[in-house]
Amino acid sequence: MNCTLVSLHSQYIHSSTVPYCLQAGIRRWGDERIRVQITEGTVNEQVAAVAERILDTQPQVVGIACYIWNIAFVWELTRTLKETSEPPLIILGGPEVSYYAEKYLDAHPEIDYILSGEGEESLPGLLNAVLRGDDVKKVPGVCLRGHISEPVIGTGTPVKPDPAEYAAALQGRIAYWETSRGCPYSCAFCLSGRCGSVRFYDPEESKRELIALAQHGARTIKLVDRTFNANPARARDFWAYLIDQSRAGVIPAGTCYHFEIAGDILDEECIRILGSAPVGLFQLEIGMQSFHEPTLSAIHRKTNTTRLRENIRRLLIPGNMHIHIDLIAGLPLEDLDTFADSFRIGWKLGAHMLQLGFLKLLHGADMRECPEEYPCTFRETPPYEVTSTPWLTEADLAVIHDVEDSLDRLVNSGRFRRTVAYLTDTLANDPWELLRTFGASVRDAGRMPLEEYMEVFYRFCTENPRWGADARILRDCMVCDRLATNQSGFIPAFLKREDRQLRVVRNDLERTRPQNVRRVCALLYGAEYADAHHITAVWADYTVPNPITHEYELHFMRVSR
């Protein structure tokens, strides 16, 4: 039996261990006559192209993992596969189909089976039953027309793929790995708490796997443990071990491990160990959801927000880790004003990324299953984003989308760090109002090229007295941001200033600085950098970027007028 496992990602850079875990399960528990291949693709490709790659493997069975980001693609793909002269048996699994198996089987006749819940053991069990002619209804988690099973919630340690084999297949993409499964929280909007209590895998084996991934070429390794520090002592042990291995040269330079953690349960020793990590070795993603206490209570999320804020501030002090925090719009009991307050609190923490997400009502999550308790309207098509709640109107959510768009382009992109700091820190403008009003002003403009977007923002801030921006200072900030984040050497026309001194500075740099380094230079004229007799030259050496900010180092030199 030829079985092809399919993984469909939202972007090429992403990967998934799911097909490799299933392949490992088939190798362990499946009939020796089952031959397994893996085909990967993205939802940005043509369906016909992905189908052709799958059919090239001559599959008798195709298994596809289904999520909110790929389910629409899956339906088109499965119809295409079934229209061939020798249509394969099609098995679906994953969270998007696990909780509504009967509905999907009725709506999509091309689907033969749905496996509900974890599949490392149930998939080989189903394949064995099909191959041997056994009763498939005896397989845990199997769903077919006329027979629907409850989702399989595993109790043991799931089988994992060989890290070297998985890393070899990545070809530069992000590696995803787990050292535990399940979540200690039961957030009403999430499915992770439905996977049973947290199951921790063997720590020594997991450590070896994390090292092996790095040694076989994975550079960004994202731990998908839902709350990596659910057991603080275990987290401390892992972090200290990886730090030691990095310092010993066992972990290749440039490797970064990304952890999702609960920030409020970090203890003193965890913070001390994290603060001692080599620069760039770790990234932390801290899900806050909200700082509005009634909202956290309504979604069953226990968070000590005071301790959370203090811990995030302390994690940022050493400057050795990229810190990512996030908020979710559309949660119960949070209106536009309280959400804006949560945003302002998150902003003041100074994390490298503040992500605004929008609530999705996932199949199987309490917020979808209990509409009386959590009333709201949402889109019926994936990703099922909330469109209004008793506390947020559609217009309110449109405002938050305006903020999200300008936040992502101006702040989270990392391209305007000095510019935004000048407007919000130096001039004390409210970041929420700044991003809201600018986002609204470009709402109907579509996706502008970066240089055009920069100029529109420059005009917005300098031509509106509300923001108090000095045109020269703002221009200097934008020039510095541009040099620090863009190697092209191209400075947009609206930022250029004709000055013969620039050639003098360039010639001086060529004489006095190393010749094997590419650099771009500009002149600054604002009050911070100039007086009646001097201006300042700034240049960036494009060698190695900062692993935290991804900026190139800027150098400054006073120049006589």
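Since the model is a prediction, treat every value here as computed from it, not as a measurement.

(A) Focus on the pattern of salt bridges. All told, the structure shown has 35 salt bridges when counted by the stated rule. Here R459 and E455 are joined by a salt bridge, their closest N and O atoms 3.0 Å apart. One end of the pair, R459, and the other, E455, are both in helix α18 (residues 450–463), four residues apart, so they sit about a helical turn from each other.

(B) Spatial organisation of the environment of T393. With respect to the secondary-structure elements, T393 resides in the loop between β16 (386–388) and α15 (394–412). Residue T393 is classed as partly exposed on the basis of its relative accessible area of 43%. Once residues within four sequence positions are removed from consideration, T393 is found in contact with T387 and S388.

(C) Seen up close, the side chain of R234. As for its placement among the helices and strands, R234 is situated in helix α9 (residues 232–247). For the buried R234, which has no salt bridge, the nearest side chain bearing the opposite charge is D225, at an N-O separation of 4.6 Å.

(D) Looking closely at the sheet that holds strand β11 (residues 256–261). With parallel pairing, the six strands of this open sheet are ordered in space as β7-β10-β11-β12-β13-β14. Pairing within the sheet leaves two strands with one partner each, and these edge strands are β7 (175–177) and β14 (353–358). Each strand axis lies, on average, 25° off the axis of its neighbour in the sheet, ignoring direction. One ladder, built from six bridges, connects strand β13 (residues 322–329) with β14; its direction is parallel. Residue pairing in the sheet places H324 in a bridge with M353 of β14.

(E) Structural detail: the sheet that holds strand β3 (residues 61–65). One open sheet accounts for six strands, arranged β2-β1-β3-β4-β5-β6; its pairing is mixed. At either margin of the open sheet sits one strand with a lone partner, and together these are β2 (35–42) and β6 (142–143). Of the pairings in the sheet, the one linking strand β1 (residues 2–9) to β2 comprises eight bridges and is parallel in character. Bridge pairing links N2 to R35 in β2. Set on the sheet, helix α2 (residues 47–55) makes contact with β1, β2 and β3; between it and β2 the angle comes to about 165°. Helix α3 (residues 71–82) contacts β1, β2, β3 and β4 (89–93) of the sheet and is inclined by roughly 165° relative to β4.

Here is what the cut-offs are and how they apply
Throughout, residues of each chain are indexed from 1 in the direction in which the sequence is written. At least 70 in pLDDT is required for a residue's local features to be given in this predicted model, at least 80 for side-chain atom pairs to be given and counted, and no such filter applies to totals for whole chains, interfaces and linings, which use all residues. For side-chain calculations, the full set of non-hydrogen atoms in the structure is used, while hydrogens and water are omitted. We define a salt bridge as a side-chain nitrogen of Lys or Arg found within 4 Å of a carboxyl oxygen belonging to Asp or Glu. Segments assigned H or I by DSSP are reported as helices when at least four residues long, segments assigned E as strands when at least two residues long, and all are numbered from the N terminus. Each residue is assigned to one of three classes by its accessible area relative to the maximum for its type, calculated with a 1.4 Å probe on protein chains only: buried under 20%, partly exposed between the two thresholds, exposed over 50%. Contact definition: two residues touch when any of their heavy atoms are within 4.5 Å. In summary, the charge assignment counts Lys and Arg as positive and Asp and Glu as negative, without counting His or the chain termini. By this definition, two strands are paired if DSSP reports at least two bridges between them. Lines fitted to C-alpha atoms define the axes, with helix axes restricted to the stretch in contact, and inter-axis angles between N-to-C directions lie between 0 and 180 degrees.

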